[in-house]
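Overview (structure and organization)
Spelled out, the chains give:
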Amino acid sequence: MTGMAKKTKTALKELIKALEKHVEVLEDPKSNRGKRDRATAQVHAAAIGYASVLHSRTGSESPFLDIPDPGLDADTVASLKAEKEALIARHKAKHPEK
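Summarised in this report is the structure supplied together with it. Worth saying up front: this structure is predicted, and the values here are computed from it rather than measured.

The next thing to look at is the overall build of the protein chain. Along the protein chain, the regular secondary structure elements total three helices and zero strands. When the helices and strands of the protein chain are placed in sequence order, the string is α-α-α. Taken across its 98 residues, the protein chain has 22% of its residues classed as buried. Of the contacts formed within the protein chain by residues at least 6 apart in sequence, a portion of 66% connects residues at least 24 apart. Total accessible area on the protein chain is roughly 7,400 Å²; 56% of this is exposed by carbon and sulfur atoms.

This is the structure:
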């Protein structure tokens, strides 16, 4: 498998894992709002990661551009921003610019 395919496959697997966890959490009647919000933020972060990898590898636009924001609360937005920053930092640490 080429490097591009491996990275895109990894991003796809992370997105699928986040989506599966999201469904699990939302369908669990014992899940509280915080747990649901974190699962949602993880899906958002994984989607951003997936779109970022695709863009950096292929130059393609995000497949999520036209999805409307359902109006996230401030805590979820803050969590999402933190997840995004962590993804970017992790990517930069693994792939320093040449």
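So, about helix 2 (residues 33–58). With 26 residues, helix 2 extends 37 Å between its outermost C-alpha atoms, agreeing within 8% with the 38 Å of an ideal straight helix rising 1.5 Å per residue. Along helix 2, the residues classified as buried are Ala 39, Thr 40, Ala 41, Val 43, Ala 45, Ala 46, Ala 47, Gly 49, Tyr 50, Ala 51, Val 53 and Leu 54. Phi turns positive one or two residues past the end of helix 2, at Gly 59, with a value near 80°.

The next point concerns helix 3 (residues 74–94). Across its 21 residues, helix 3 extends 30 Å between first and last C-alpha, which sits within 8% of the 30 Å expected from 1.5 Å per residue. Among the residues of helix 3, Thr 76, Leu 80 and Leu 87 are the ones counted as buried. The buried residues of helix 3 occupy an angular sector of 40° when projected down its axis, which confines them to one face. Residues of helix 3 that are exposed and angled more than 90 degrees away from the buried face: Ala 74, Asp 75, Lys 81, Glu 85, Lys 92 and Ala 93. Of the surrounding elements, those touching the buried residues of helix 3 are helix 2.

By size, the foremost hydrophobic cluster in this structure holds nine residues: Ala 11, Leu 15, Ala 18, Val 43, Ala 46, Ala 47, Tyr 50, Val 53 and Leu 54. Elements supplying a minimum of two residues to this core: helix 1 (3–27) and helix 2. The greatest single-element share of this core, amounting to six residues, is contributed by helix 2. For Ala 18, the contacting residues outside a window of four places in its chain are Gln 42, Val 43 and Ala 46.

On to the packing of helix 2 against helix 3, then. Helix-helix packing is characterised by the crossing angle of the two axes and by the distance between the axes. At a minimum axis distance of 9 Å, the contact between helix 2 and helix 3 shows a crossing angle of 40°. Considered as vectors, helix 2 and helix 3 are oriented oblique to each other. Considering the relative orientation of helix 2 and helix 3, their crossing is right-handed. Contact residues: Asp 37, Ala 41, His 44, Ala 45, Ile 48 and Gly 49 in helix 2; Thr 76, Ser 79, Leu 80, Glu 83, Lys 84 and Leu 87 in helix 3. Each residue belonging to the contact of helix 2 with helix 3 can be placed in one class, and the counts come to five nonpolar, four polar and three charged.

The rules behind the values
- Residues numbered from 1 in each chain as written.
- Predicted model: local features only at pLDDT ≥ 70, side-chain atom pairs only at ≥ 80, totals over all residues.
- Heavy atoms only, no water.
- Helix = DSSP H or I, 4+ residues; strand = E, 2+ residues; numbered from the N terminus.
- Buried < 20%, exposed > 50% of the residue type's maximum accessible area, 1.4 Å probe, protein only.
- Contact = heavy atoms within 4.5 Å.
- Areas by Shrake-Rupley, 256 points an atom, 1.4 Å probe, with all protein chains shown as cover.
- Expected span 1.5 Å × (residues − 1).
- Arc of directions from axis to C-beta.
- Core = buried A, V, L, I, M, F, W, Y, C linked by side-chain atoms within 4.5 Å.
- Axes fitted to C-alpha atoms, helices over the stretch in contact; angles between N-to-C directions.
- Parallel < 35°, antiparallel > 145°, perpendicular 65-115°, else oblique.
- Left-handed = near helix turned anticlockwise from the far one by under 90°.
- Nonpolar A, V, L, I, M, F, W, Y, C, P; charged D, E, K, R; others polar.

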